[in-house]
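Descriptive structure summary
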Amino acid sequence: MNWIDFIVFILFTAGIVVMGSLFYRRDTSANEFTNAGRSIPGWVVGMSIFSTYVSSISYLGNPGKSYAADWNPFVFGLSIPIACGIAARWFVPFYRSHTSMSAYAFLEERFGRWARVYATVCYLLTQVARMGSILFLLAMPMNVLMGWDLRTVIVVTSAAIVFYSMLGGMKAVIWTEAIQGFILIGGAVVCLAVLLCSMPGGPAQALAIAWEATTSTGGNKFSLGSFDMLDLGSCTFWVCLIYGVFINLQNYGIDQNYVQRYHTAKTEKEARHAALFGGWLYIPVSALFFLIGTCLYSYYRVHPDAQVTAFEAAGKTDYVFPYFIVHALPTGLTGLLIASVFAAGMSTVATSVTSCATVIYEEVKRYGHRHTSDVLMLKAASLAVGVLGSIVALALVNVDSILDAWWKLSSVFSGGMLGLFLLGYMSHRVKNVHAALGVLCGFVVIAWISAWQWIGLPDPGLHEYLAIVLGTMTIFVVGFSACLITRKKSHKRGLKHL
């Protein structure tokens, strides 16, 4: 690695850690640590939401997917306007009217303690899986770049992120995320410009090669997937879109990462604008990442490379983008791009660390008789979550596609939390027992679709991305139906006594 690139990378990365550490206050309160005292401008919160969404999973995983196949995963992002619109209209005022910082306190109010514990455990499992995926993708370019050991980079990086998250709390996380958002967008734009200008025939040649290429699904590299509405066993346009709607509704509606940001804005109006801004900004930036992957495909058709061919043969297409960054970018830009990849990952991991710590703190403080301060408890929880995320990252070292792994893990661990939330939010008549029955049935459906091979059940013939879709619908439909049935029986018994 050229010494100039190394300096650029160190300055950007160390600068983020230092900036986050500057928010440290000895006399900070738990309220300041978890919601920044509701003092953050709306545009900063919006950039924070955007940066949380654009992790290194997007930065490296999306180009890897469009390089290997097509733009089918981009359909996922097209569902975001639906989710952020609903969030701005209903979810933001709903959560800001509640005093608890936990997104899952409402479930306890509606259905009892078990519902809150269920949602909290599902959230923590999802976030730890996400942190592991992102930490691995943070380490990967440094492994390609300098031959550094993946495991060592994972441990050191997670330690740095946890360090400034523990020191500055939510205020440090949000402000550093806003800066990281600008860095990652700038890095991606520069990389695409270099890619297009590196083609002998200019940008038109890159697009033409991709347009003429034929993928395994029969379309070209810009294909959004099959539009067959009856094919539910493949990742068609409709399967990906429906999956995106449910996942993004869950993100904006019940994910602590987002809900906690709604609390940090100065006013409800700014919080609404932040939800919309963060969601809509993701769409063009996501398209930028997929275009990078497509242009990388064209670039290496014109400039064949034995190492890239080896990545393709091994199914390690997530490595192609960092390999290009290392070997094809001019001096100085390599350091900038690696820093932007780190910026994307660090922002998301820092979010998960702080949000998970907040959820754990909200659970623990309910039991009273604490022997430690609130802030110390939050910092201890941050450390514990960071360690767990590192362990998952180390376990993912041999996984081929991180994007595929993350989507599958999130679908399983999320466990239909959205269905339980909608059940409580949309119907005041549904009781504890109805919700519990719905969750039990939803869990069975999710387990069947996601793990039928492991538990010896017949193939459902459905794509695993539909697990959260059908799990959510099952929880809602079963819970609401059980409520109607019991009400009718109660009504009949009442008539008999007349």
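Above: the structure in question.
Residues numbered from 1 in each chain as written. Predicted model: local features only at pLDDT ≥ 70, side-chain atom pairs only at ≥ 80, totals over all residues. Heavy atoms only, no water.

Quick look at the overall build of the protein
- Along its length, the protein carries 21 helices and zero strands.
- Relative to the 2.2 N^0.38 estimate, which gives 23 Å for 498 residues, the radius of gyration of the protein is 23 Å and therefore close to what a compact globule would have.
- Looking at the protein as a whole, 58% of its 498 residues qualify as buried.
- Within the protein, contacts between residues at least 6 apart in sequence are counted, and of these 85% link residues at least 24 apart.
- Carbon together with sulfur atoms contributes 67% to the accessible area of the protein, which is approximately 19,600 Å² in total.
- Side-chain charges of the protein comprise 32 positive and 24 negative groups, with the mean position of each set lying 15 Å from the other. (Helix = DSSP H or I, 4+ residues; strand = E, 2+ residues; numbered from the N terminus. Rg over C-alpha atoms; globule rule 2.2 N^0.38 Å. Buried < 20%, exposed > 50% of the residue type's maximum accessible area, 1.4 Å probe, protein only. Contact = heavy atoms within 4.5 Å. Areas by Shrake-Rupley, 256 points an atom, 1.4 Å probe, with all protein chains shown as cover. Lys, Arg positive; Asp, Glu negative; His and termini not counted. Charge placed at Lys NZ, Arg CZ, Asp CG, Glu CD.)

Quick look at the pattern of salt bridges
- Within this structure, the stated rule accounts for seven salt bridges.
- Across the pair Glu177 and Arg261 runs a salt bridge whose closest N-O atoms are separated by 2.9 Å. Of this pair, Glu177 sits in helix H9 (residues 150–197) while Arg261 sits in helix H12 (residues 256–264), and the two are 84 residues apart along the sequence.
- For Arg261, a relative accessible area of 1% corresponds to the buried category.
- When the shortest N-O distance is used, the salt bridge between Glu268 and Arg272 registers 3.0 Å. A residue pair is termed a helical-turn pair when its members lie 3 or 4 positions apart in one helix, as Glu268 and Arg272 do in helix H13 (residues 268–302) at four residues.
- The class for Glu268 is partly exposed, based on a relative accessible area of 32%.
- For Arg272, a relative accessible area of 24% translates into the label partly exposed. (Salt bridge = Lys/Arg side-chain N within 4 Å of Asp/Glu carboxyl O.)

Examining the environment of Met101
- Mapped onto the fold, Met101 is located in the loop between helix H6 (80–96) and helix H7 (105–111).
- Sequence separation of Met101 and Ser340 is 239 residues, and the distance between their C-alpha atoms is 31 Å.

As for a nonpolar patch on the surface
- A cluster of nonpolar side chains, Trp3, Ile4, Ile7 and Leu11, forms an exposed patch at the surface whose accessible area comes to about 440 Å².
- If you trace the backbone, Ile7 turns up in helix H1 (residues 3–21).
- Using a relative accessible area of 38% as the deciding quantity, one classes Ile7 as partly exposed. (Patch = residues over 30% accessible without salt bridge, like charges linked within 9 Å, V, L, I, M, F, W, Y side chains within 5 Å.)

A word on the packing of H1 against helix H16 (residues 333–364)
- With their axes 7 Å apart at the nearest point, H1 and H16 run at an angle of 25 degrees to one another. Here H1 is positioned roughly parallel relative to H16, judged by the angle of their axes. With respect to the hand of their crossing, H1 and H16 are arranged in right-handed fashion. Across from Asp5, Val8, Phe9, Phe12, Thr13, Ile16 and Val17 in H1, the residues of H16 making contact are Leu333, Thr334, Gly335, Leu336, Ile338, Ala339, Phe342 and Met346.
- Taken together, the residues that form the contact of H1 with H16 break down as eleven nonpolar, three polar and one charged. (Axes fitted to C-alpha atoms, helices over the stretch in contact; angles between N-to-C directions. Parallel < 35°, antiparallel > 145°, perpendicular 65-115°, else oblique. Left-handed = near helix turned anticlockwise from the far one by under 90°. Nonpolar A, V, L, I, M, F, W, Y, C, P; charged D, E, K, R; others polar.)

Focus: empty space enclosed by the protein
- Enumeration over the complete set of coordinates arrives at two cavities of 30 Å³ or more.
- For the second largest cavity, the calculated volume is near 50 Å³.
- Where the lining of the second largest cavity is concerned, the elements lending two or more residues are H6 and H7.
- When residues in the lining of the second largest cavity are grouped by element, the largest group, three residues, is from H7. (1 Å grid on protein atoms, 1.4 Å probe; cavity = no way out; pocket = protein on both sides within 12 Å on 5 of 7 lines; lining within 4 Å. Points joined across faces, edges and corners; volume = space filled by probe spheres on them.)

Points about the environment of Ile475
- Within the fold, Ile475 resides in helix H21 (residues 466–496).
- The sequence separation of Ile475 and Lys266 amounts to 209 residues, and the corresponding C-alpha distance is 35 Å.

What about the packing of H6 against H13?
- One way to put it is that H6 packs onto H13 with a least axis distance of 9 Å and a crossing angle of 160 degrees. In terms of axis orientation, H6 runs roughly antiparallel to H13. Along this stretch, H6 crosses H13, giving a crossing that reads as right-handed. Contact residues: Ile80, Pro81, Cys84, Gly85, Ala88, Arg89, Val92, Pro93 and Arg96 in H6; Glu268, Ala271, Arg272, Ala275, Leu276, Gly279, Trp280, Tyr282 and Ile283 in H13.
- Looking at the contact of H6 with H13 residue by residue, the classes come out as twelve nonpolar, two polar and four charged.

A closer look at the packing of aromatic side chains
- This model, assessed by the stated rule, comprises 30 aromatic pairs.
- Both rings, one in Trp71 and one in Phe222, keep their centres 5.9 Å apart while their planes meet at 45 degrees; by these two values the pair is tilted. One end of the pair, Trp71, is in the loop between helix H4 (56–68) and helix H5 (74–78); the other, Phe222, is in the loop between helix H10 (203–212) and helix H11 (237–254), and 151 residues separate them in sequence.
- Taking relative accessible area as the criterion, Trp71 reaches 11% and is therefore assigned buried.
- Taking the relative accessible area as the measure of exposure, Phe222 reaches 22% and is therefore partly exposed.
- Geometrically, the ring pair formed by Phe94 and Tyr95 is edge-to-face, given 5.2 Å between the ring centres and 75 degrees between the ring planes.
- Relative accessible area serves as the criterion here: at 15%, Phe94 is assigned to the buried category.
- With relative accessibility at 3%, the residue Tyr95 sits in the buried group.
- Aromatic rings pair up to connect Phe91, Phe94, Tyr95, Phe106, Phe421 and Tyr425 into one cluster.
- The lysine or arginine in question, Lys221, covers the ring of Tyr297, its NZ or CZ lying 4.3 Å from the ring centre.
- One residue, Arg301, lies across the ring of Tyr297, its end atom 4.3 Å from the ring centre. (Phe/Tyr/Trp six-rings, centres within 6.5 Å; stacked < 30°, edge-to-face > 60°. Lys NZ or Arg CZ within 6 Å of the ring centre and 35° of its normal.)

Shape is all these values report; function is a separate question.
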